2 protein chains.
Amino acid sequence: MGTGAGDESSDYGQLTPIPPGPRLGIGMDSCVIPLRHGGLSLVQTTDFFYPLVEDPYMMGRIACANVLSDLYAMGITECDNMLMLLSVSQKMNDKEREKVMPLMIRGFRDAAEEGGTSVTGGQTVINPWIIVGGVATVVCQPSDFIMPDSAVPGDVLVLTKPLGTQVAVNAHQWLDMPEKWNKIKLVVSKEEVEQAYQEAMLNMAMLNRTAASLMHTFNAHAATDITGFGILGHARNLAQQQRSDVAFVIHNLPILAKMAAISKACGNLFGLLQGTSSETSGGLLICLPREQAARFCAEMKSSRLGQGGGSGQEGGAGEGQQAWIIGIVEKGNRCARIIDKPRIIEVPPRGLGSAGQEGNNNTGVPSPSDSATIN
Amino acid sequence: MGTGAGDESSDYGQLTPIPPGPRLGIGMDSCVIPLRHGGLSLVQTTDFFYPLVEDPYMMGRIACANVLSDLYAMGITECDNMLMLLSVSQKMNDKEREKVMPLMIRGFRDAAEEGGTSVTGGQTVINPWIIVGGVATVVCQPSDFIMPDSAVPGDVLVLTKPLGTQVAVNAHQWLDMPEKWNKIKLVVSKEEVEQAYQEAMLNMAMLNRTAASLMHTFNAHAATDITGFGILGHARNLAQQQRSDVAFVIHNLPILAKMAAISKACGNLFGLLQGTSSETSGGLLICLPREQAARFCAEMKSSRLGQGGGSGQEGGAGEGQQAWIIGIVEKGNRCARIIDKPRIIEVPPRGLGSAGQEGNNNTGVPSPSDSATIN
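Residue positions are given per chain, counting from 1 as you read along its sequence in written order. For this description, chains carry letters from A and ligands carry numbers from 1, given in the order in which they are written. Per-residue local features are limited, in this predicted model, to residues with pLDDT of at least 70; the limit for side-chain atom pairs, both in listing and counting, is 80 or more; totals at the level of whole chains, interfaces and linings are taken over all residues. Side-chain calculation: all heavy atoms of the structure are included, whereas hydrogens and water are not.

Examining the overall build of chain A
Short version of the rule: Note on conventions: DSSP H or I runs of at least 4 residues are helices, E runs of at least 2 residues are strands, and numbering of each starts at the N terminus. Only protein chains enter the area calculation, which uses a 1.4 Å probe; residues under 20% of their type maximum are buried, those over 50% are exposed, and those in between are partly exposed. For every accessible area listed, the method is Shrake-Rupley and the probe measures 1.4 Å; residues are considered covered only by the protein chains on display.
Of regular secondary structure, chain A possesses nine helices and 11 strands. Counting only residues that meet the buried cut, chain A has 62% of its 375 residues in that class. As displayed, chain A has an accessible area near 13,800 Å², and 51% of this comes from carbon and sulfur atoms.

Things to note about the packing of aromatic side chains
Centre distance and the angle of the planes are the two values used to describe a pair of aromatic rings. Residues and elements named next belong to chain A. Our working rule: Centre distance within 6.5 Å is the pairing criterion for rings of Phe, Tyr and Trp, where only the six-membered ring of Trp is used; planes under 30 degrees apart are then read as stacked, over 60 as edge-to-face, and the remainder as tilted.
This model, assessed by the stated rule, comprises six aromatic pairs over all chains. On the basis of an interplanar angle of 90° and a centroid distance of 5.0 Å, the ring pair of Y50 and W129 is categorised as edge-to-face. Linking Y50 in the loop between β2 (41–49) and α1 (56–72) with W129 in the loop between β4 (119–127) and β5 (131–140), this pair joins segments that are 79 residues apart in sequence. Residue classification places Y50 among the partly exposed positions, given a relative accessible area of 21%. On the basis of relative accessible area, W129 is assigned to the partly exposed category, the value being 28%.

Concerning the sheet that holds strand β7 (residues 222–225) of chain B
Residue and element names in this part refer to chain B. The condition that has to hold: At least two DSSP bridges between two strands are needed for those strands to be called paired. Fitted lines through C-alpha atoms serve as axes, helices being fitted only where they are in contact, and the angles separating the N-to-C directions of these axes extend from 0 to 180 degrees.
Strand order in this open sheet of six strands is β7-β9-β6-β10-β8-β11, and the pairing throughout is mixed. Across the chains shown, the open sheet's two edge strands, defined by having one partner strand only, are β7 and β11 (335–347). Neighbour-to-neighbour, the strand axes of this sheet turn through a mean angle of 20°, independent of strand direction. Bridge count for β7 against strand β9 (residues 284–288) is four bridges, and the pairing is antiparallel. Paired with T224 across the bridge in β9 is L285.

Some words on the packing of α1 of chain A against helix α5 (residues 190–205) of chain A
Residue and element names in this part refer to chain A. Keep this limit in mind: Angle categories: roughly parallel below 35 degrees, roughly antiparallel above 145, roughly perpendicular from 65 to 115, and oblique for all the rest. Any two residues having at least one pair of non-hydrogen atoms within 4.5 Å are treated as being in contact.
As a packed pair, α1 and α5 sit with axes 7 Å apart at the nearest point and diverge in direction by 45°. Between α1 and α5, the angle falls in the class oblique. Contacts between α1 and α5 involve M58, R61, I62 and A65 from the former and M201, L202, M204 and A205 from the latter.

Some details on the environment of M92 of chain B
All names here are of chain B. Along the chain, M92 falls in the loop between β3 (81–89) and α2 (94–114). Residue class for M92 comes out buried when judged on its relative accessible area of 12%. The contacts of M92, once residues within four sequence positions are left out, are R97, V100, M101 and I130.

Thoughts on the pairing of β5 of chain A
Residues and elements named next belong to chain A. Of all 10 residues that make up β5, 10 are buried, and the element is covered over most of its length. Sheet topology places strand β3 (residues 81–89) next to β5; seven bridges connect them, and they run antiparallel. Across the sheet, the residue bridging to M84 is G134, located in β5.

Re the UniProt feature "domain: PurM-like N-terminal" (unreviewed entry) in chain A
Selection rule: UniProt positions are given in the numbering used here, feature names are shortened, and annotations may be inferred rather than shown by experiment.
When the UniProt feature table is mapped to this numbering, "domain: PurM-like N-terminal" (unreviewed entry) covers residues 29–134 of chain A. From the first C-alpha to the last, residues 29–134 of chain A spans 14 Å; its make-up is 36% helix and 33% strand.

Overview of the sheet that holds strand β11 (residues 335–347) of chain A
All names here are of chain A. The strand order across the open sheet built from six strands is β7-β9-β6-β10-β8-β11, with neighbouring strands paired in mixed fashion. Whereas interior strands pair on both sides, the edge strands pair on one side only; in this sheet they are β7 (222–225) and β11. Neighbour to neighbour, the strand axes of the sheet diverge by 20° on average, direction disregarded. Pairing analysis gives nine bridges linking strand β8 (residues 246–256) to β11, with the strands arranged parallel. Pairing of I250 across the sheet is with I338, part of β11.

What about a negative patch on the surface?
For clarity, the threshold we go by: The patch calculation keeps residues exceeding 30% relative accessible area without a salt bridge and links them within 9 Å when they carry like charges or within 5 Å when they are nonpolar (Val, Leu, Ile, Met, Phe, Trp, Tyr). For salt bridges, the criterion is a side-chain nitrogen of Lys or Arg within 4 Å of an Asp or Glu carboxyl oxygen. Charge counting follows a simple rule: Lys and Arg are positive, Asp and Glu are negative, and His as well as the terminal groups are ignored. The atoms used to mark charge sites are NZ of Lys, CZ of Arg, CG of Asp and CD of Glu.
A cluster of acidic residues, E54, D176, E191 and E194 of chain A, forms a negative patch on the protein surface. For E54 of chain A, a relative accessible area of 60% translates into the label exposed.

A look at the packing of helix α1 (residues 56–72) of chain B against α2 of chain B
Residue and element names in this part refer to chain B. Using the following cut-off: Take the far helix as your reference; a near helix turned counterclockwise from it by less than a right angle gives a left-handed crossing, and one turned clockwise gives a right-handed crossing. The classification used treats Ala, Val, Leu, Ile, Met, Phe, Trp, Tyr, Cys and Pro as nonpolar, Asp, Glu, Lys and Arg as charged, and all other residues, Gly among them, as polar.
Two elements in contact, α1 and α2, have axes whose closest approach is 6 Å; the angle formed by their N-to-C orientations is 40°. Classified by the angle their axes make, α1 and α2 are oblique. Crossing angle aside, the handedness with which α1 passes α2 is right-handed. Within the contact between the two elements, α1 uses P56, Y57, M59, G60, R61, A63, C64 and L68 and α2 uses V100, L103, M104, R106, G107, F108, D110, A111, A112 and E114. For the contact of α1 with α2, the residue count by class is 12 nonpolar, two polar and four charged.

Things to note about α2 of chain B
Residue and element names in this part refer to chain B. Just so we agree on the cut-off: Any helix carries an expected span of 1.5 Å times its number of residues minus one.
Between the first and last C-alpha of α2 there are 30 Å, a value that for 21 residues agrees with the 30 Å anticipated at 1.5 Å per step. Of all the positions in α2, only M101, L103, M104, G107, F108, A111, A112 and E114 are classed as buried. Where α2 terminates, the next one or two residues include G116, which has phi positive at roughly 75°.

A few points about the nonpolar core
So the rule is basically this: Residues belong to a common nonpolar core when they are buried Ala, Val, Leu, Ile, Met, Phe, Trp, Tyr or Cys residues joined through side-chain atoms within 4.5 Å.
Counting residues in each nonpolar core, the largest one holds 112 residues, and the members touching the most others are M82, F248, I262 and F296 of chain A. For M82 of chain A, the residues in contact, after removing those within four places along its chain, are C64, V67, L68, F108, A112, T117, S118, V119, T120, G121, V135 and A136 of chain A.

This is the structure we're talking about:
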């Protein structure tokens, strides 16, 4: 759409010079607008979509985490304001509406609060489909954000959530569709699908805020978040933004347990192993100096913040988050690829409890290893 | 939704004290968030809806004018950034989509440019219906905006666009619906409906920026913009925000020519004369000191800015905008009403030319009088 060309067409008052400072328009996760005030920048993003999980409270949390994630991908940890974008489906009756919408709004607000921000406005309309999304805005110093353009050969790629949310959500729907279920029942049990769905939901609802904070600690060179275009699509997009002649090569794919098997059984329907399966509110893909990456993953793991899901409401005490070193940055022409036979890291679910408002604290299921090593 | 409760729940870094300064949450046109930086405030708003005119370019302009209007209602004349919210209808074929969407986007961007800002991001989804809207954000000093809470007895109420857009848009659709048309054909001609529709479209596309600027010049005490709840609904909402014990009394209703007659012929279907007919991208309703109001209207009229519609693209040269004194502020309990037999001011269309991209400059049709007087 726009290109952030400044306000030279204004007829009002003084001719405003275009403020100096880094500027980012359409194409990456957030836009960055230099302001007229004291070297400050306006960073903001919007995102809205349709529900993909059945629990309206969790859907609200996921929508909020998804919007904030675009700020977190810039290494920004604070948000000054959020607006909520909603539509009520015209197909809902009064009872459904009164039950579903407040839960979705509460989920969104709880996640915003977990992110240290709040929702002060928005817009609600009637629509055939339910819409949920929002706008996240922060005014900050240039040192508060990390422009996603400084990857150099020798960096490694870190991913902060496992892949496979689309497969998990679809497989869960197939539990009630015998024709679809028959295609995958040889490779996965109903319990495993249910667990993967719960785990996907918790992951999607988890804020990428800890990762954003650690990007500064460990001198991240660039990052993006993984959403609709899959890991490879977003890796390519990020590679194109780089100032140096680099290429991103992905060796490892951390995937929710059993989702790779389902994808294969469906004839690679989702492109999960090819890196093109859509993710919702996925992790950050971060370019880090090689010597910092393992420590980044260890810090993620020991973090007691940003648990998301139900447990986040109690202040985020938990076992921390996983992150994986999944690839390397080498010299190249701003492209990205997955190696021929990537290592699939099966990421088991954290727990078997019910998700949603009741909370899902980690319940002693063995954790997978911290991070994979490369070469 | 939210209440702007600050970020006391943040686990990150220092405990951030809530910044001082005026704060406005849900309920009025924009939210106002005090920032941590140099006394600055973040003011932002979002709005999205469905197309109501047939010309996609004009629809884009209207959507943008409608979003910006929430800032203008605060007396804000600058906008640092806009995001665009769009959905493509799944019922459109490729050809329709490729024709309609770029025009709508261009209209939105042109109006943003007229407002001295630009569109740097947004989100587009597929939906059963077309959605168009946006987000407008500015970071400014407290002196740049006027909190909508300072009306005092003795003020007068000024309105900066005529009412009747909903009636005009509907009557225009009825041209092709004999059953509906038969109900109103005794009180209005097809030409008059066509003209009113064109005039409504130009008015909806016109920015309220000049009015926002003059709010400062003439010491406005409070303002809002007229949209979905009609003149009375928004007057009531504004009255409730006031710090003084005031009531708003509306004496005059400036209405697009013939729309009052149509409303009556339909048995007050829209509530136009009762002040409850929905408006889209309507004018500002401004509380001004009595001695300033006539000069405000005169300045609006002589302004060469903010023409909107087609002519705005050439830089806004034109004959200025109308504004009307429509009521008074008296002592009362924060309510608003329309007197029993309000004076209906028939506002004739500016011209007969086609609207839209071709432009519609004023073509010598006599202007109505500047402003109505009261009592």
